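Residue strings, one per chain:
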Amino acid sequence: MAVNPNEDTEFNDALRKFGIIPPREATPKTPSPPPSPPLGEVLDDLTLNELHELGDEVTDDDRRRAIESVERQRIAKEREEQKRARFGRVYPIGRDDYTREVTEASRVDEEGDDKGRGTGVVCFLYKDGIPRSDRTFEHLRTLAARYPRTKFVSIVGNKCIPDLPDSRIPMLIIYRKGEIMNQLIAWGADREKRLEELEVVLLLYGAIEPSMHEGHSRHQDGGSDDEDDPSARSRSATTSTNARPARNIRQSATKGNDSDSDFEFDM
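Student: What exactly am I supposed to notice about the packing of aromatic side chains here?
Tutor: Summed over the entire model, instances satisfying the criterion amount to five aromatic pairs. Ring centres of F124 and Y126 lie 5.7 Å apart, and the angle between their planes is 10°; this geometry places the pair in the stacked category. Classification of Y126 by relative accessible area gives buried; the value is 14%. Centre to centre, the rings of F124 and F137 are 5.0 Å apart; their planes meet at 70°, and the pair counts as edge-to-face. Of this pair, F124 sits in strand β2 (residues 121–126) while F137 sits in helix α6 (residues 131–146), and the two are 13 residues apart along the sequence. Looking at F124, the relative accessible area reads 0%, which means it is buried. Among the aromatic residues, those joined into a cluster by ring pairs are F124, Y126 and F137. Positioned over the ring face of F137 is R141, at 3.9 Å from the centre of the ring.

Student: Whenever I open this one, the side chain of E71 confuses me. Can you help?
Tutor: Relative to the helices and strands, E71 resides in helix α4 (residues 61–84). Not counting residues within four places of it along the chain, the set of residues in contact with E71 comprises L48, L51 and H52.

Student: Which parts of the structure should I look at to understand the pairing of strand β3 (residues 151–156)?
Tutor: Along any regular strand the residues' side chains alternate between the sheet's two faces. Of all six residues in β3, five are buried, a share of seventy percent or more. Across six bridges, the pairing between β2 and β3 is parallel. If you follow V122 over to β3, its bridge partner there is F152. Considered for its hand, the β-α-β crossover made up of β2, α6 and β3 is right-handed.

Student: Whenever I open this one, unusual backbone geometry confuses me. Can you help?
Tutor: Generally, phi is negative for residues other than glycine and the peptide bonds are trans, each holding for most cases. Across the junction of I169 and P170, the peptide omega takes the value -5°, indicating a cis bond. Structurally, the position occupied by P170 is in the loop between α7 (157–160) and β4 (171–176). Its identity is not glycine, yet D163 carries a phi of approximately 65°, on the positive side. Structurally, D163 can be placed in the loop between α7 and β4.

Student: Help me understand the pattern of salt bridges, please; the structure alone is not making it clear to me.
Tutor: For side chains of opposite charge, pairing can occur when their charged atoms come near one another. Considering all chains together, one arrives at 18 salt bridges under this definition. In this structure, R117 and E209 form a salt bridge, with 2.4 Å as the shortest nitrogen-oxygen distance. Residue R117 is located in the loop between α5 (98–104) and β2, and its partner E209 is located in the loop between α8 (195–204) and α9 (212–221); the two are separated by 92 residues in the primary sequence. The network of salt bridges with common partners includes E110, R117, R149, R176 and E209.

Student: Just checking my understanding: could you explain helix α1 (residues 10–17) for this structure?
Tutor: Residues separated by three or four positions in an α-helix point in the same direction, a consequence of the helix having 3.6 residues per turn. Three or more residues of α1 are buried, namely N12, L15 and R16. The buried residues of α1 occupy an angular sector of 100° when projected down its axis, which confines them to one face. Residues of α1 that are exposed and point over 90 degrees away from its buried face: E10 and K17. Positive phi shows up at G19, right after α1, with a value of about 75°.

Student: Quick question: what am I supposed to make of a negative patch on the surface here?
Tutor: Together, E50, E53, D56, E57 and E68 make up a negatively charged patch on the protein surface. It is helix α3 (residues 48–57) that contributes the most residues to the negative patch, four residues altogether. Secondary-structure assignment places E50 in helix α3. Residue class for E50 comes out partly exposed when judged on its relative accessible area of 34%.

Student: What exactly am I supposed to notice about the nonpolar core here?
Tutor: Grouped burial of nonpolar side chains is what soluble globular proteins tend to show. Grouped together as the largest cluster of nonpolar side chains are 21 residues, with contacts concentrated most on L140, L143, F152, L172, L198 and L202. Breaking this core down by element, the ones donating at least two residues are β2, α6, β4 and α8. The leading source of residues in this core is α8, at five residues. Those residues in contact with L198, other than ones at most four positions away along the chain, are T136, H139, L140, L143, L172, L184 and W187.

Definitions and cut-offs
Residues numbered from 1 in each chain as written. Predicted model: local features only at pLDDT ≥ 70, side-chain atom pairs only at ≥ 80, totals over all residues. Heavy atoms only, no water. Phe/Tyr/Trp six-rings, centres within 6.5 Å; stacked < 30°, edge-to-face > 60°. Buried < 20%, exposed > 50% of the residue type's maximum accessible area, 1.4 Å probe, protein only. Helix = DSSP H or I, 4+ residues; strand = E, 2+ residues; numbered from the N terminus. Lys NZ or Arg CZ within 6 Å of the ring centre and 35° of its normal. Contact = heavy atoms within 4.5 Å. Pairing = 2+ DSSP bridges. Right-handed = clockwise from strand over helix to strand, strands pointing away. Salt bridge = Lys/Arg side-chain N within 4 Å of Asp/Glu carboxyl O. Arc of directions from axis to C-beta. Patch = residues over 30% accessible without salt bridge, like charges linked within 9 Å, V, L, I, M, F, W, Y side chains within 5 Å. Areas by Shrake-Rupley, 256 points an atom, 1.4 Å probe, with all protein chains shown as cover. Lys, Arg positive; Asp, Glu negative; His and termini not counted. Charge placed at Lys NZ, Arg CZ, Asp CG, Glu CD. Core = buried A, V, L, I, M, F, W, Y, C linked by side-chain atoms within 4.5 Å.

And the structure:
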C-alpha cells in the first residue's frame, strides 16, 4: 500500500513517531495585518466634506467628538486663510506702477502677521509670441490662483527695462519686505520647464508658502500626496535653474533720489 506522507492521519503520525516518514512541514503562519493608523492621521487626510460625512456615520461618542474638533479647527483655519487670500490672479502693471504695486506692496504685512514678514510679490517680465514666455505665463496664472496670499504682477519686458533683449525673456523678480529675494532670467530657455519646477523655486525663495487650505483644496481635486507636495516632487528640479543670486538694488536708492532705482536689476 502506497503511503502519502503528506496526509494528516493517525497511521502517518505513528510512522513519523518511529522515523519511518519525515515530519510534516510546519504550516506557515499567516502574517498579522498592519496596525491601523492613528485616528488623527486618518482625519488629517480627509477633506472638510469627508470629515462632516464621517462624523454623521460614527456611532462612538469619543470618536465623534474628535472628528467634530478637527472639523472646527479646519473651518477656523480655512476662514483665516480666506482672510489672507487677497489676490488670486496675475495683475498687469505699467512702469509707473512698479514701485507702488511691487516694491511697496511687498512691504505690507498680512493681517495677523506678528512677525512682520511682508508679502511675497512675483513680478513677471514677458513678451508675447515667445513660447517659453507664453508657457510661463500660463503657469503663473495657475500658481496665482493656487497661492492667493502672494501677489503676482506682469509687465511687458521692454516697457519695464528699455531695450531688454528677448534672450532675457521671461524674467521673474521675487520680492519680499521691499527687497529682491531672487531673479529668474530667461526661465525655460535651456529646456521646457514644468509648472512644478517653477512652483518649487518660488517656494524655496519665499515668494509663496504652502498652507493647509491650499493642500486640502488640491486633495479634493485628486492626485497623490507626492504630486501635491512641491518640496518632495521637485527637489531635483532645483539643482538646475536659471536663478540668479539676489542683489540689493535698494542700495543706490539710499545714496540718492534716482527714480529709476527700482529698475536696477542683474542682467
